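Each chain is listed here by its residues.
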Amino acid sequence: MARFSGANHYRFQILWCCLFCILILCFITNHSLLTNDDRRIRRSKGWEQRLRSSAHPRSSSGDTVLVTGAAGFIGSHVAVALKNRGDGVVGLDNFNRYYDTRLKRARQAKLESAGVFIVDGDINDREILKKLFNLIKFSHVMHLAAQAGVRHAMKDPSSFIDSNISGFVSLLEVICKYAKPLPAIIWASSSSVYGLNSKVPFSETDRTDQPASLYAATKKAGEEIAHTYNHIYGLSITGLRFFTVYGPWGRPDMAYFFFTKNILEGKPIEIYEGGKGGVVARDFTYIDDIVKGCLAALDTAEKSGGGKRRRASQLRVYNLGNTSPVEVGRLVSLLERLLKVKARRVAKAMPKNGDLMYTRANISLAEKELGYKPTTDLKTGLDKFVKWYLRYYNQSTVN
């Protein structure tokens, strides 16, 4: 009996030692994470001064805008455009590793040369958000941070919930509780919300309750969340449904981007085909046209009411597309001509991964209320992209 009790006592000692080690490890891990945040935010020499300088508009009539996802494709272009016209701009980005962070850091360098300071932080980190809104009175928030990639949602679904739902709520909660005055919010929804809707072109009044991917579902959830915060807190919120945005400084996971890479490297490219003669086509929209739409949405956004106004605060959603869908095979042909390289095409049936077969935007509402009018056709836009790609990656075409 004594031997049994002694053995039990020894086992309990081992157990407690293990638990203690786990607690120490958790403490060290948490302390390390806090230290990293602290290094990014509080120990950065002159951080607050750089923040205030970046947020200061050139004139008293200029806006002061927080751009989330500022090191991303659309975010970086929008941030530069705002700064160039004289607005005060502060960026926020967590520089995640969904794709090559070197491209994101290169965008950051481009923004810094334009006078835009990017805070290295996550929209789920409420302490960082609170600090930003306590220091700066933002007139607008251009919320472009998101986990993108329809196919990637099948590999890492939790990242879409964390960023597109939890992150959005985190941002809105901090705005409602700490931002004074409340800023107007413009945020990135997606054409993916139209899901299995078979009616084309897609209009803002069409049904969006049949998402074909988790990514689409999180963007649809975002639109419902926006409605809730508009209703309860009087936030002025505008959602923008982007249609297949492309151009220089783009995302490497997009077809036009990795098609270019594979063509130059002599690798085969997969071209999806629909069943029963179905055509796979996209409403490719050039980045400069999207930026104009984003700025127009910001310029027409009303102030948030904060629940004190007699009438309901502004709640809008717009399609931002090009209205001219192009078949994917045609996209490849244009790239072949621009690169002067023949692509190794491999035809494949469209997989069931959440991608839509065909997209086309009805932009009449954006035309009427925002003055939105896309002007760049696919050939012109791809030419600009290819020139940037070859310059950025220091490559030359094959004659």
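Residues numbered from 1 in each chain as written. Predicted model: local features only at pLDDT ≥ 70, side-chain atom pairs only at ≥ 80, totals over all residues. Heavy atoms only, no water.

K.L.:
Explain the packing of aromatic side chains to me, using residue names and the numbers behind them.
P.N.:
Applying the stated criterion across every chain, the model contains 27 aromatic pairs. On the numbers, 4.8 Å between centres and 85° between planes, the contact of Tyr392 with Tyr393 is edge-to-face. Of the residues examined, Tyr393 reaches a relative accessible area of 32% and is grouped as partly exposed. Connected via pairs of aromatic rings, a cluster forms that spans Tyr246, Trp249, Tyr256, Phe257, Phe284, Tyr286, Phe385, Trp388, Tyr389, Tyr392 and Tyr393. One residue, Lys104, lies across the ring of Tyr99, its end atom 4.6 Å from the ring centre. (Phe/Tyr/Trp six-rings, centres within 6.5 Å; stacked < 30°, edge-to-face > 60°. Buried < 20%, exposed > 50% of the residue type's maximum accessible area, 1.4 Å probe, protein only. Lys NZ or Arg CZ within 6 Å of the ring centre and 35° of its normal.)

K.L.:
Could you give an account of the sheet that holds strand 3 (residues 117-120), naming the residues involved and the relevant values?
P.N.:
A sheet is described by the order of its strands in space; here seven strands give the open sequence 3-2-1-4-5-6-11, paired in parallel fashion. The open sheet has two free edges, formed respectively by strand 3 and strand 11 (315-320), since each of these has just one partner strand. Neighbour to neighbour, the strand axes of the sheet diverge by 20° on average, direction disregarded. Sheet topology places strand 5 (residues 184-188) next to strand 6 (residues 237-242); four bridges connect them, and they run parallel. Note on strand 6: the bridge partner recorded for Ile186 is Thr238. (Pairing = 2+ DSSP bridges. Helix = DSSP H or I, 4+ residues; strand = E, 2+ residues; numbered from the N terminus. Axes fitted to C-alpha atoms, helices over the stretch in contact; angles between N-to-C directions.)

K.L.:
Provide a residue-level description of a nonpolar patch on the surface, including the pertinent values.
P.N.:
On the surface, Val200, Met357 and Tyr358 cluster together to form a nonpolar patch covering roughly 220 Å² of accessible area. Structurally, the position occupied by Met357 is in the loop between strand 13 (344-349) and helix 11 (364-370). Relative accessible area serves as the criterion here: at 30%, Met357 is assigned to the partly exposed category. (Patch = residues over 30% accessible without salt bridge, like charges linked within 9 Å, V, L, I, M, F, W, Y side chains within 5 Å. Areas by Shrake-Rupley, 256 points an atom, 1.4 Å probe, with all protein chains shown as cover. Salt bridge = Lys/Arg side-chain N within 4 Å of Asp/Glu carboxyl O.)

K.L.:
Can you break down unusual backbone geometry residue by residue, with the values?
P.N.:
The omega torsion across Lys180 and Pro181 is 0°, close enough to zero to call that bond cis. Along the chain, Pro181 falls in the loop between helix 6 (157-178) and strand 5. With an omega dihedral of 0°, the bond running from Val200 to Pro201 counts as a cis peptide bond. Following the sequence through the fold, Pro201 ends up in the loop between strand 5 and helix 7 (214-233). Positive phi is not limited to glycine here, since Trp249 has a value of about 65°. Inspection of the secondary structure puts Trp249 in the loop between strand 7 (245-246) and helix 8 (255-265).

Keep in mind these values describe shape, not function.
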